[in-house]
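Commentary on secondary and tertiary structure
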Amino acid sequence: MIRNIRSVRGMKDYLPNSTVIWQQIEIILKNILRNYGYKEIRLPIIEKISLYERAIGNVTDLVEKEMYTFIDRNGDSLTLRPEGTAGCIRSGIEHGFLYHQEQRLWYMGPMFRHERPQKGRYRQFNQMGIEVFGLTGPNIDVELIMMNIRWWKALGIENHVRLEINSLGSIEACSNYRNVLIKFLEKNEHLLDEQCKHRMYTNPMRILDSKNPKVKELMQNAPKIIDYLDNDSNIHFEKFCKLLNELDVKYDINPYLVRGLDYYNRTVIEWIADSLGAQSTICGGGRYDNLVMQLAGYHTPAIGFALGIERLISLVESVNPVFKTTNYASIDVYIINNNLHNHIAAIILAESIRDAMPELIFVTDFRGGSLKKQTIRAVKLNASLILILDEYLANSNRAVIKDLRTGTQQIIDRIDIVNTLYLLLK
Ligand code: ATP
Ligand code: MG
């Protein structure tokens, strides 16, 4: 029975009372992206599993445990995208927009990960992803941070997020470091939990950001990747930090910040909102200079990050009540009449008002009933004004405008309707 069909665990409905804030936030994010010259790319939600296995790495949590993979009717093994970078590069290779080119791209949409659902962690969630190709940094790395800060300011959350950075060095430096780290872990194996033991040889870097308090304590004494950087990465990171300092950007260097996917190198960043609790990273990313080479066979440097929209929205809602109480969705004018015989005149008038004020919200009552009943509906919908057309429709050419905010009411001539509405609402 349909009554018993519920949404899939970890997959939420976003009802109209919450999409209002989504829309406002999206507009702000997109305008700022435009301001920096970024262009939108729309990518499929499904890709071949092999893309993720090759791009993300076989022994990451994401590929090992979190992917939604299925066999389609042709027998192809397909995956609901768990992130956007791999698909974006696949598209760039296919359409030739990565080879010796510079690109500043963004996309937004749902991602799918089979994780344990909890606050701030869903199985279908939304990301805004940014990918820049063809620039080696560190100036672009810094510009991305500046763009993030512009977002936070526009959303009123700039004092509620903090920036953590780290560098993973080159692939070679990273693999040297891995060996050093494995030696350290072998010496301390008795202090590791089962999951960490399992990862010790396959993905030891992830142990650095283990949530287990005992392991965390142990890792305080682990060798730090920053001490194993290759010379070029060291220079890159120093310049990156210097630019941030010169721009007065506050940040912490977190030597344990390694990120969950294998493809990162050099700069990695996370924006953290501590007030969100356990799921506190709202935005994370870094450089992935080798991924295009790995997938395409030619070198294109790249940097990107992904913003978790659900977590961002919950932060904005909690610290910026303006977004909560906004009138954005409430109705400006509710148009009512008690004259069932002259619908066409009412519709024509409503259309002409919409022509004159396209940015406002006009809703016409089609359920009818007494004026009192219709007025109650207007109040429930949080309308600012009601436009009563009874007299107008009875050919008197006069309408009544009632201001529900003040309780005042006035009778106006037909030619003054638009002007009066405009003056009351401006
Ligand atoms: P986490 O450490 O929280 O699992 P992650 O390192 O897996 O994050 P990324 O793959 O870097 O996350 O994704 C970027 C952002 O997307 C995260 O910082 C977070 O805001 C958001 N995000 C990731 N997974 C989820 C999820 N399951 N539900 C909601 N948001 C998510
Ligand atoms: Mg994760």
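Residues numbered from 1 in each chain as written. Chains lettered and ligands numbered in written order. Predicted model: local features only at pLDDT ≥ 70, side-chain atom pairs only at ≥ 80, totals over all residues. Heavy atoms only, no water.

As annotated in an unreviewed UniProt entry, the chain carries the name Histidine--tRNA ligase and is attributed to Candidatus Pantoea edessiphila. A UniProt comment under Subcellular location (unreviewed entry) is attached to the chain, and it reads "Cytoplasm". Quoted verbatim from the Catalytic activity (unreviewed entry) field of UniProt, the annotation for the chain is "tRNA(His) + L-histidine + ATP = L-histidyl-tRNA(His) + AMP + diphosphate + H(+)". (UniProt positions renumbered as here; feature names shortened; annotations may be inferred.)

**Side note on the site of ligand 1**
Residues in close proximity to ligand 1 total 14 residues, the closest being Arg113, Glu115, Arg121, Arg259 and Thr281. Between ligand 1 and Arg113 there is a distance of 2.8 Å, counted from an oxygen atom to a side-chain nitrogen or oxygen. Contacts to ligand 1 include Glu115, whose side-chain N or O atom sits 2.6 Å from a nitrogen atom. Alone, ligand 1 offers 580 Å² of accessible surface; in the complex the protein occludes 88% of this. (Near = heavy atom within 4 Å. Polar contact = N/O pair within 3.5 Å; in protein donor to acceptor, adjacent residues only side chain to side chain. Areas by Shrake-Rupley, 256 points an atom, 1.4 Å probe, with all protein chains shown as cover.)

**Here's the deal with the UniProt feature "binding site: L-histidine" (unreviewed entry) in the chain**
As recorded in UniProt, the feature "binding site: L-histidine" (unreviewed entry) lies at Glu83, Gly84, Thr85, Arg113, Gln127, Glu131, Arg259, Tyr263 and Tyr264. Within the annotated group, the residues that form the lining of the second largest cavity are Glu83 and Gly84. Along the chain, Glu83 falls in the loop between β4 (77–80) and α4 (85–95). A polar side-chain atom of Glu83 sits 3.3 Å from the main-chain amide nitrogen of Thr85. (1 Å grid on protein atoms, 1.4 Å probe; cavity = no way out; pocket = protein on both sides within 12 Å on 5 of 7 lines; lining within 4 Å. Helix = DSSP H or I, 4+ residues; strand = E, 2+ residues; numbered from the N terminus.)

**Thoughts on the sheet that holds strand β12 (residues 333–336)**
The strand order across the open sheet built from five strands is β13-β12-β14-β15-β16, with neighbouring strands paired in mixed fashion. A strand with exactly one partner marks an edge of an open sheet, and here the two such strands are β13 (362–364) and β16 (409–413). Put simply, the sheet's adjacent strands are angled 25° from each other on average, direction ignored. Across four bridges, strand β14 (residues 385–388) lies against strand β15 (residues 398–403) in antiparallel orientation. Paired with Ile386 across the strands is Lys402, a residue of β15. Packing of helix α13 (residues 343–356) onto the sheet brings it into contact with β12, β13 and β14, and relative to β13 it is tilted by some 175°. Contacts between helix α16 (residues 417–425) and the sheet are confined to β12, β13, β14, β15 and β16, with β15 contributing the most and set at about 10° to the helix. (Pairing = 2+ DSSP bridges. Axes fitted to C-alpha atoms, helices over the stretch in contact; angles between N-to-C directions. Contact = heavy atoms within 4.5 Å.)

**Here we look at the packing of aromatic side chains**
Applying the stated criterion across every chain, the model contains ten aromatic pairs. One aromatic cluster is present, formed by Phe133, Tyr263, Tyr264 and Tyr288 through successive ring pairs. Above the face of the Tyr122 ring, Lys12 is positioned so that its terminal group lies 4.6 Å from the ring centre. (Phe/Tyr/Trp six-rings, centres within 6.5 Å; stacked < 30°, edge-to-face > 60°. Lys NZ or Arg CZ within 6 Å of the ring centre and 35° of its normal.)

**Details of the nonpolar core**
Ranked by internal contacts, the top residues of the largest apolar core, which has 51 residues, are Ile56, Ile89, Phe133, Leu185, Leu192 and Met219. Taken together, the elements giving at least two residues each to this core come down to α2 (49–56), α3 (61–66), α4, β5 (103–112), β6 (124–133), α6 (171–187), α8 (213–219) and α10 (291–296). The contacts of Ile89, once residues within four sequence positions are left out, are Leu98, Phe133, Tyr288, Leu291, Val292 and Leu295. By size, the runner-up hydrophobic cluster in this structure holds 47 residues, among which are Tyr38, Leu135, Leu163 and Ile282. (Core = buried A, V, L, I, M, F, W, Y, C linked by side-chain atoms within 4.5 Å. Buried < 20%, exposed > 50% of the residue type's maximum accessible area, 1.4 Å probe, protein only.)

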